[in-house]
Amino acid sequence: MKLSKNLILFIFLLAATYALHSQCSLKGKLTDTLQSVIPYTPIGLLNYSDSSIVKGVMSDGDGNYCFEAIKKGSYRLKISAMGFNMYYSGKIEYDSTGTVSVPVINLHPTGINLNEISVSGQKKTVEFKNGNIIVNVEGTALAMGNTAYDLLSRLPGVTVSDGNISIQGKSGVKILIDGKLQQLSGQQLINVLKSMNASRIEKIEVLKKPPVKYDAAGTGGMINIKTNKLKLVGISGNIFGSYSQGFYGNPSGGFSLNYKGRKMNFFSGFTATKEWLRVNEDFKNSVNYNGTRSTLQSKYITKQHHHSETYDLGADWFINRSNSVSVKMNGAFGMGNVDNVATTAMGDNSLGYQNLKLISQKPNPWIYPEFNINAEHLFDTLGTALRFSADYKPYWDIYAANFDNHFLDANNNDATTPAIFKTSNTLYFTTGSAILDFEKEFKKEFKLEAGIKHSYQKMISDYNLQNQNYTTGEYITDSNYTNVFNYKQNISAGYININKQYKKVSLQAGVRAENTVINTISKSNGLGFNRQYFNLFPLVTVDYKKSDNHAFSLSYNKRVNRPDYNSFNPFVIFISTLASNKGNPFLKPEYSHDFGLTHSYKTWLSNSINFSRIYNNFMAYNIQNDSSKSYVNTTANLKYADVYSYSLFIQRDLFKWWSVNLNVTVFHINAKGSINNLPYAISTVAVNPNLFSRITFSKGYSIELNAFYLSPFLEGIYHTKARSYINVAFKKTLLGDKLSVALAFNDICYGLIRNTIVNYQNLHMTGRQTYDTRRINISVNYNFGKLKVEQRRVKDIEPKGKGGK
């Protein structure tokens, strides 16, 4: 973990304001044990009381360093040099009246074997910074053997329901991977997240007020998944594997192999995952037609199974001190399948049958390759940098399905001809983007950031439905349900952001401009539309540090959530003969105005109050046809939604060996509008506590506990009952911390059961959905490799015995 912190410090110091020719407040010199100077090394000046970073400089070509304009106080130095042990100085007192000369600092070289590296400290698993929550996933027992999708539901304040992600009750959450917006949605996004093993993840950031350098998309905020970076010089890597047992057993495994040198980095990895899950669903629907009420009782038994393989391959080239170029090719491919057996008791014979039996298979092969090139140029040592990045992602997906519907009488004999049909939805989905970012740090704690970006999406959906002639067995295309839908979206954006520190007040102000152009057309009927809109998205944050114990932050942020290609597609896609999905081509983008106030006490207690007004709020609902007893899922815009939330965050080390993190969120949603030309309003309150605790024992043993509870509340049209889980994991490290073994028990009390009630217009339904969440997971991870740290060559040194080793 020290190496990780050193890397973060190194990056921070490279962007800091270096001391030049003005008078030094504190100065000194760096050498190694052979008295050879150590040039161009980042040096951090820390507060002695809490080790927070005050500023940073870099030693010059002769190993000299100089700090300017230091306030009176007690400090210490932290020095991180490649190939040398981390160095911390003793207390340095500065009285602001003159220059303090620090004695020459001699750095000692590190060893060359990975076994010799020891980690005396450990990152806190959950951190609260600037109103955002950071979960340090790397190395935790509860993360081992899981996927990125599994981890989302374990993030404080985050809920996942039927693939829909929300933060503090707000939907419209967007996913970033290493700061890059994922332009996928629905099952495609789930495929990507389920194919990403948690061993690849360093941390996950829950961003409730993302900076303007990120896309403005996401009225609910953003979740940034940050993958592991190379931290060790030389050859390194790991091998990992896991097995999870619930109703079915799920294996996964993979490896990474990397090399980090002075001029070049190479990295590679491969992961394979197989997953089988069982879902049981029971629904009861009361339908009133022509004064007669009938009750439909449906039972679904679903087996979801898929396999996925991911790969990573890339290289970094450090051309010189000012320029670097990186290329990367990664992606995933897999095969999903959903086998479904469903029975529905109709309650009467008004449709000519009393029972419906459905057998369906839904295979889903997919290939998602991704290509990236990026470059960086450092203009000077004052923190002036220009960065470029370009991505290209050609995706291919097929959603096929076979439906076998039998209409039975009371004796379970065919009452009418079975309806057998098959569908195929082939998606060609291409995204690309190019980004140019510029940043400059000035003296007097002022920073400027600016950039431009262009991104595009192109999607072709080729949907085909064929009915089987039950007598001949021949399949005939149904032109009423066959369509080719084209969707194009282009977004051009630019932003500017400033950061200014003045005594106890810190100001961040920025604005992002985005111009959006959307074109759609349905080739079967020639219908389509073109849309263009331009928006400004400001962000303002004011931080006030009243004292060492109390700090306040006030913020405002505007964001957008655009309808995705699935929401726009107006064609009917069948789930069964009684249920289907249909997009809404008239959907408008929703806009949110977010206000937040945060108070922090020391480093362990934070309180946040937030308010969001969301215009054109998306509302998913069902349209029921009482005569056929079928319904269609679609989405509409409500006029607005107000979301009030309060969040309490506590982070304490009860003892050196026992840490506790508690996050409690209370949110209230009040929304109004109309659906199907009828007024509709929502008012709901929910409480969502999340607890994480770790107990560390001697000899490499540790226990982790994660508990979650979500009180009953109204999710759209669904009154959802309370849900909860308790996860416990045991971890043991061996072989000098190179080998880790974890045993985890997930959802011990089987509390992640979704019970719902719907009483909306003519819909009166109850539902119960149980998932394969109670599981036992055993995971093994082995880190390998030797560090090949070259000793610094020293010219013109004296003969051995007079200062040499």
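Residues numbered from 1 in each chain as written. Predicted model: local features only at pLDDT ≥ 70, side-chain atom pairs only at ≥ 80, totals over all residues. Heavy atoms only, no water.

Let's talk about the sheet that holds strand β14 (residues 173-177)
Moving on, step 1. The mixed open sheet is built from 6 strands, whose spatial order is β10-β11-β16-β17-β14-β15. Edge strands, defined here as strands with exactly one partner in the open sheet, are β10 (126-129) and β15 (180-181).
Moving on, step 2. Where β14 lies against β15, 2 bridges are found, and the strand directions are antiparallel. Among the inter-strand pairings, Ile177 is bridged to a residue of β15, identified as Lys180. (Pairing = 2+ DSSP bridges. Helix = DSSP H or I, 4+ residues; strand = E, 2+ residues; numbered from the N terminus.)

A look at the pairing of strand β23 (residues 355-378)
Moving on, step 1. Bridge analysis of strand β22 (residues 323-345) against β23 gives 23 bridges, and the strand direction is antiparallel. Paired with Val325 across the two strands is Ala375, which belongs to β23.
Moving on, step 2. As paired elements, β23 and strand β24 (residues 385-408) share 17 bridges and run antiparallel to each other. When the sheet's bridge partners are listed, Asn372 is paired in β24 with Asp391.

As for the sheet that holds strand β33 (residues 579-582)
Moving on, step 1. The mixed open sheet is built from 4 strands, whose spatial order is β32-β33-β37-β36. For this open sheet the edge positions go to β32 (572-574) and β36 (618-625), each flanked by a neighbour on one side alone. Going from strand to strand, the sheet's axes swing by 30° on average, the running direction of each strand aside.
Moving on, step 2. Pairing of β33 with strand β37 (residues 630-637), which is carried by 3 bridges, proceeds in the parallel orientation. Across the sheet, the residue bridging to Asn581 is Asn633, located in β37. (Axes fitted to C-alpha atoms, helices over the stretch in contact; angles between N-to-C directions.)

Some points on the pattern of salt bridges
Where side chains of opposite charge bring their charged atoms close, a pairing between them can arise.
Moving on, step 1. Tallied over the entire structure, the rule returns 15 salt bridges.
Moving on, step 2. Ionic pairing is found between Lys180 and Asp391, a salt bridge with its closest N-O pair at 3.4 Å. Of this pair, Lys180 sits in strand β15 while Asp391 sits in strand β24, and the two are 211 residues apart along the sequence.
Moving on, step 3. Assessed through its relative accessible area of 13%, Asp391 is described here as buried.
Moving on, step 4. A single network of salt bridges, built from pairs that share partners, joins Glu376, Arg387 and Glu439. (Salt bridge = Lys/Arg side-chain N within 4 Å of Asp/Glu carboxyl O. Buried < 20%, exposed > 50% of the residue type's maximum accessible area, 1.4 Å probe, protein only.)

A short note on unusual backbone geometry
Moving on, step 1. Positive phi outside glycine occurs at Lys503, with the angle close to 55°.
Moving on, step 2. Take Lys503: it is sitting in the loop between β28 (483-502) and β29 (505-522).

With respect to the packing of aromatic side chains
Moving on, step 1. The full count for this structure, using the stated rule, is 30 aromatic pairs.
Moving on, step 2. Ring geometry for Trp366 against Tyr368: centres 4.6 Å apart, planes inclined by 40°, an arrangement best described as tilted. As far as the burial class goes, Trp366 and Tyr368 line up, both buried.
Moving on, step 3. Ring-pair connections join several aromatic residues into one group, and the members of that group are Trp366, Tyr368, Tyr395, Phe429, Tyr487, Phe529, Tyr565 and Phe568.
Moving on, step 4. The lysine or arginine in question, Lys440, covers the ring of Phe442, its NZ or CZ lying 5.3 Å from the ring centre.
Moving on, step 5. The side chain of Arg652 reaches across the aromatic face of Trp604, ending 4.3 Å from its centre. (Phe/Tyr/Trp six-rings, centres within 6.5 Å; stacked < 30°, edge-to-face > 60°. Lys NZ or Arg CZ within 6 Å of the ring centre and 35° of its normal.)

Some remarks on helix α3 (residues 186-195)
Moving on, step 1. The buried fraction of α3 amounts to 8 of the 10 residues, a majority that puts the element mostly inside the structure.
Moving on, step 2. Every buried residue of α3 is listed here: Gln188, Leu189, Ile190, Asn191, Val192, Leu193, Lys194 and Ser195.

Topic: the nonpolar core
Moving on, step 1. Of all hydrophobic cores here, the largest spans 57 residues; its most connected members are Leu155, Ile175, Leu193, Ile201, Ile204, Ile223 and Ile225.
Moving on, step 2. Excluding residues within four positions of it along the chain, Ile223 makes contact with Leu152, Leu155, Val158, Ile165, Ile167, Val173, Lys174, Ile175, Leu176, Ile204 and Glu205. (Core = buried A, V, L, I, M, F, W, Y, C linked by side-chain atoms within 4.5 Å. Contact = heavy atoms within 4.5 Å.)

Looking at the environment of Arg613
Moving on, step 1. Structurally, Arg613 can be placed in strand β35 (residues 605-615).
Moving on, step 2. Judged by relative accessible area, which is 23%, Arg613 ranks as partly exposed.
Moving on, step 3. Spatially, the C-alpha atom of Arg613 lies 9.0 Å from that of Tyr644, the residues being 31 residues apart in sequence.
Moving on, step 4. For Arg613, the side chain forms a polar contact with the side chain of Asp642, separated by 2.3 Å. (Polar contact = N/O pair within 3.5 Å; in protein donor to acceptor, adjacent residues only side chain to side chain.)

Some words on the layout of surface pockets
Moving on, step 1. Estimated volume of the second largest pocket: approximately 280 Å³.
Moving on, step 2. Lining the second largest pocket are 17 residues, with Ser522, Asn525, Leu527, Pro570 and Pro585 positioned closest to its centre.
Moving on, step 3. For the lining of the second largest pocket, the element with the highest residue contribution is strand β30 (residues 528-545), accounting for 3 residues.
Moving on, step 4. Taken together, the residues that form the lining of the second largest pocket break down as 10 nonpolar, 5 polar and 2 charged. (1 Å grid on protein atoms, 1.4 Å probe; cavity = no way out; pocket = protein on both sides within 12 Å on 5 of 7 lines; lining within 4 Å. Points joined across faces, edges and corners; volume = space filled by probe spheres on them. Nonpolar A, V, L, I, M, F, W, Y, C, P; charged D, E, K, R; others polar.)

Considerations on the pairing of β37
Within a regular strand, side chains alternate between the sheet's two faces.
Moving on, step 1. Pairing between β36 and β37: 8 bridges, direction antiparallel. Within β37, the residue paired with Ile623 across the bridge is Val632.
Moving on, step 2. In this structure, the hairpin formed by β36 and β37 is closed by a connection of 4 residues, where Lys629 is found at a positive phi of approximately 60°.

Things to note about the confidence of the model for the protein chain
Moving on, step 1. Averaged over the protein chain, the pLDDT score is 85; the fraction of residues at 70 or greater is 91%.
Moving on, step 2. Contacts of residues 1-22 to residues separated by more than four positions or lying in other chains number 61 contacts, the stretch itself having pLDDT below 50.
Moving on, step 3. Across residues 111-121, where pLDDT falls below 50, the model places 19 contacts with residues more than four positions away in sequence or in other chains. (pLDDT = per-residue confidence, 0-100.)

Observations concerning the side chain of Ser461
Moving on, step 1. Here Ser461 is to be found in strand β26 (residues 446-468).
Moving on, step 2. A polar contact is formed between the side chain of Ser461 and the side chain of Asn425, at a distance of 2.7 Å.
Moving on, step 3. Those residues in contact with Ser461 that lie beyond four places of it in its chain are Asn425, Thr426, Leu427, Asn483, Val484, Phe485 and Asn569.

Observations regarding the environment of His307
Moving on, step 1. For His307, the location among the structural elements is in strand β21 (residues 292-318).
Moving on, step 2. As a C-alpha pair, His307 and Asn337 span 30 residues in sequence and 9.2 Å in three-dimensional space.
Moving on, step 3. Leaving out residues up to four positions away in the same chain, His307 has contacts with Thr273, Lys274, Phe333, Gly334 and Met335.
Moving on, step 4. Reaching out from His307, the side chain makes a polar contact with the side chain of Glu309 at a distance of 3.3 Å.

Describing the side chain of Glu514
Moving on, step 1. Here Glu514 shows up in strand β29.
Moving on, step 2. A residue is classified by how much of its surface remains accessible, and Glu514, at 2% relative accessible area, is buried.
Moving on, step 3. From its side chain, Glu514 meets the backbone nitrogen of Ala216 in a polar contact 3.1 Å long.
Moving on, step 4. Polar side-chain contacts of Glu514 include one of 2.8 Å to the side chain of Arg512.
Moving on, step 5. Discounting chain neighbours no more than four positions away, the residues touching Glu514 are Asp215, Ala216, Ile491, Ser492, Ala493, Tyr533, Phe534, Asn535, Phe537, Val560 and Arg562.

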